[in-house]
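Close look at the chain arrangement
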Amino acid sequence: MIRTRRPAMLTAVLLSSLALGPAVAAHGAAAQAPALAPAKARCLLTQDSANSKPDDPKFTLSASGFKSDSVSFSGGNGGGGAKLSNGSFSINNLGPGRYTVTGDKDGSVSCGSTPGLKNDQKAANSQYKKGFSDGFAAIKANCTAKPPQSLTTVDPNYQMGFTDGAALAAKQFCK
């Protein structure tokens with residue numbers, strides 16, 4: 001007789017949990033539904049197939065969600081400005097590089113970077129590796145070392161490598 005009570009009791013518990021489960025889940029989901037956030041300013045880089053050549057790739061910068069009336073952009077081949085139509089704009093025929101769009105009401109928005117030419121990528125990788133090695137060695141030798149200051153502009157890839165190398169050395173050797 002005890003054997004028949006267990007399955008009956010388990011069946012009752014399982015059926016009640018199956019019946020109440022969706023109702024409880026629906027109630028929890030309704031109570032935690034997030035409010036819609038306002039559109040954020042964003043931008044995207046894509047290949048500009050109309051203006052690209054095999055040895056000279058070109059890109060299109062498209063942006064939307066801006067609150068500013070006009071914005072400036074900077075990147076691979078300098079920069080410029082754009083008037084916005086409903087918070088959006090698109091600019092074609094841009095060279096490879098890292099692009100940023102800045103608006104007075106939106107601040108700066110990073111658009112990412114395009115793939116560069118193979119020689120450009122090799123040079124960037126070489127600069128990063130040299131900076132990483134220099135930064136690691138400098139901090140390993142002296143935990144208070146600073147990046148080299150020169151009168152010429154330092155390659156951004158070297159700077160990024162130096163910062164990353166210094167951070168790793170500080171983590172390993174400095175306390």
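The present account deals with the structure reproduced in this document. In this text the structure is predicted, and so the values were computed from the model without any measurement.

1. Considerations on the sheet that holds strand β1 (residues 42–47)
Read across the open sheet, the three strands follow the order β1-β2-β5; overall the sheet is antiparallel. Each edge of the open sheet carries a strand with a single partner, namely β1 and β5 (89–94). Taking the axes of each pair of neighbouring strands and ignoring which way they run, one obtains an average angle of 15° across the sheet.

2. Some thoughts on the state of the cysteines
The bond known as a disulfide is covalent and runs between the sulfur atoms of two cysteines. Inspection of the entire model under this criterion finds two disulfides. Put simply, Cys 43 and Cys 111 are joined by a disulfide, and their sulfur atoms are 1.9 Å apart. Given an S-S torsion of about -105°, the disulfide between Cys 43 and Cys 111 has left-handed geometry. Of this pair, Cys 43 sits in strand β1 while Cys 111 is found in strand β7 (residues 107–113), placing the two residues 68 residues apart along the sequence. By relative accessible area, which is 14% here, Cys 43 ends up buried.

3. Some details on the side chain of Asp 106
Of note, Asp 106 is situated in the loop between β6 (98–103) and β7. Although Asp 106 is buried, it forms no salt bridge, and the closest oppositely charged side chain is Lys 67 at an N-O distance of 4.6 Å. A distance of 3.0 Å separates a polar side-chain atom of Asp 106 from the backbone nitrogen of Lys 67. When sequence neighbours within four positions are dropped, the list of residues in contact with Asp 106 reads Ala 41, Gly 65, Phe 66, Lys 67 and Ser 68.

What counts and how
- Each residue is numbered by its place in its chain's sequence as written, counting from 1.
- Selection of residues for local features in this predicted model requires a pLDDT of at least 70, selection of side-chain atom pairs for listing and counting requires 80 or more, and totals for whole chains, interfaces and linings are taken over all residues.
- Excluded from the side-chain calculation are hydrogens and water; included are all heavy atoms of the structure.
- At least two DSSP bridges between two strands are required for those strands to pair.
- Helix and strand definitions follow DSSP, with helices as H or I runs of at least four residues and strands as E runs of at least two, each counted in order from the N terminus.
- In this analysis, axes come from line fits to C-alpha atoms, helices being fitted only over the stretch in contact, and the angle between any two N-to-C directions falls in the range 0 to 180 degrees.
- Cysteine sulfur pairs qualify as disulfides if the two atoms are within 2.5 Å.
- In this scheme, a residue with accessible area under 20% of its type's maximum is buried, one over 50% is exposed, and one in between is partly exposed, where area comes from a 1.4 Å probe on protein chains only.
- We score Asp and Glu as negative and Lys and Arg as positive, and we do not count His or the chain ends.
- Here, a salt bridge means any side-chain nitrogen of Lys or Arg that lies within 4 Å of a carboxyl oxygen of Asp or Glu.
- Side-chain atoms alone can form a polar contact between residues adjacent in sequence; in general such a contact is a pair of N or O atoms within 3.5 Å, and within protein one must be able to donate a hydrogen while the other accepts it.
- The contact criterion used is simple: two residues touch if any of their non-hydrogen atoms lie within 4.5 Å.

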